[in-house]
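Each chain, letter by letter, is given below.
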Amino acid sequence: MIFKGIFKKDIELKPQVVFIGDSITEEWLIYNKQFFDDNNFKNCGISGQVTRQMLNRFRKDVIKPSPGLVVISGGTNDIANEIEWSKTKTNLTEMAKMAAENNIKVVICSIHPVYRYPWNQNIKPTVLIPQYNTEIKEICDQNNYHYVDYYSKMVTGNGGMRSEFTTDGVHCTKEGYAIMDQ
């Protein structure tokens, strides 16, 4: 048959879901590539990025491929870099709004628990992250976006991430990503 094999070679199928985020998203692909491959999910995580950088590439990484759904996961680098919450909140809201305007369903994830950022120990994330997650959930509730609460599934009594779920108090282990796969 003349068409056999043409579609897989020449036409990239549009992803069902695009995941956009920072190193936590990027490393998810390393720990569970099969999760993305088997489900036609596209991972657009880039290590070190803040939400402003995610917003700057949102059109190319999310709108252009036009998935059915986008999973937005960001904010921890904003906190670690001492970016004002109002700016982070605006960036998350703008990404979600842009997706919705392009008929892409929106999921926004909670910021993972962090007791201390190894590269910036002046920040008190155990106070900030729960407050910010409350506001992220409110954004989702007000706009009929879906909110995914990784925080409550991973947090310890001291506000950090459970040791079995993290490599350094910020990034996830294979077990942490297994929680996120659910």
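None of these values were measured; they are calculated from a predicted model.

Reading the values: the criteria
Residues numbered from 1 in each chain as written. Predicted model: local features only at pLDDT ≥ 70, side-chain atom pairs only at ≥ 80, totals over all residues. Heavy atoms only, no water. Buried < 20%, exposed > 50% of the residue type's maximum accessible area, 1.4 Å probe, protein only. Helix = DSSP H or I, 4+ residues; strand = E, 2+ residues; numbered from the N terminus. Contact = heavy atoms within 4.5 Å. Polar contact = N/O pair within 3.5 Å; in protein donor to acceptor, adjacent residues only side chain to side chain. Core = buried A, V, L, I, M, F, W, Y, C linked by side-chain atoms within 4.5 Å.

S.K.: How would you sum up helix α2 (residues 23-31)? Please name residues and give values.
M.R.: Taken residue by residue, α2 has Ser 23, Ile 24, Thr 25 and Trp 28 as its buried positions. The inward-facing, buried residues of α2 contact β1 (17-21), α3 (33-39), β2 (41-45), β3 (69-73), α5 (76-80) and α9 (174-181). Among the residues of α2, the N-terminal cap falls to Asp 22, whose side-chain oxygen and the backbone nitrogen of Ile 24 are separated by 3.1 Å.

S.K.: Can you tell me about the nonpolar core, naming the residues and giving the values?
M.R.: The tendency in soluble globular proteins is for nonpolar side chains to be buried as a group. Core analysis: the largest hydrophobic core is formed by 34 residues, its most contacted members being Phe 58, Val 70, Ile 72, Val 106, Ile 108 and Tyr 117. The set of elements that each furnish at least two residues to this core consists of β1, α4 (51-63), β3, α5, α6 (85-101), β4 (105-109) and α7 (125-143). The biggest single contributor to this core is α6, with six residues. When near neighbours in sequence (up to four residues on either side) are disregarded, Ile 108 contacts Ile 72, Ala 96, Ile 136, Ile 139, Cys 140, Tyr 145, His 146, Tyr 147 and Val 148. Of all hydrophobic cores here, the second largest spans 19 residues; its members include Trp 28, Val 148, Cys 172 and Ile 179.

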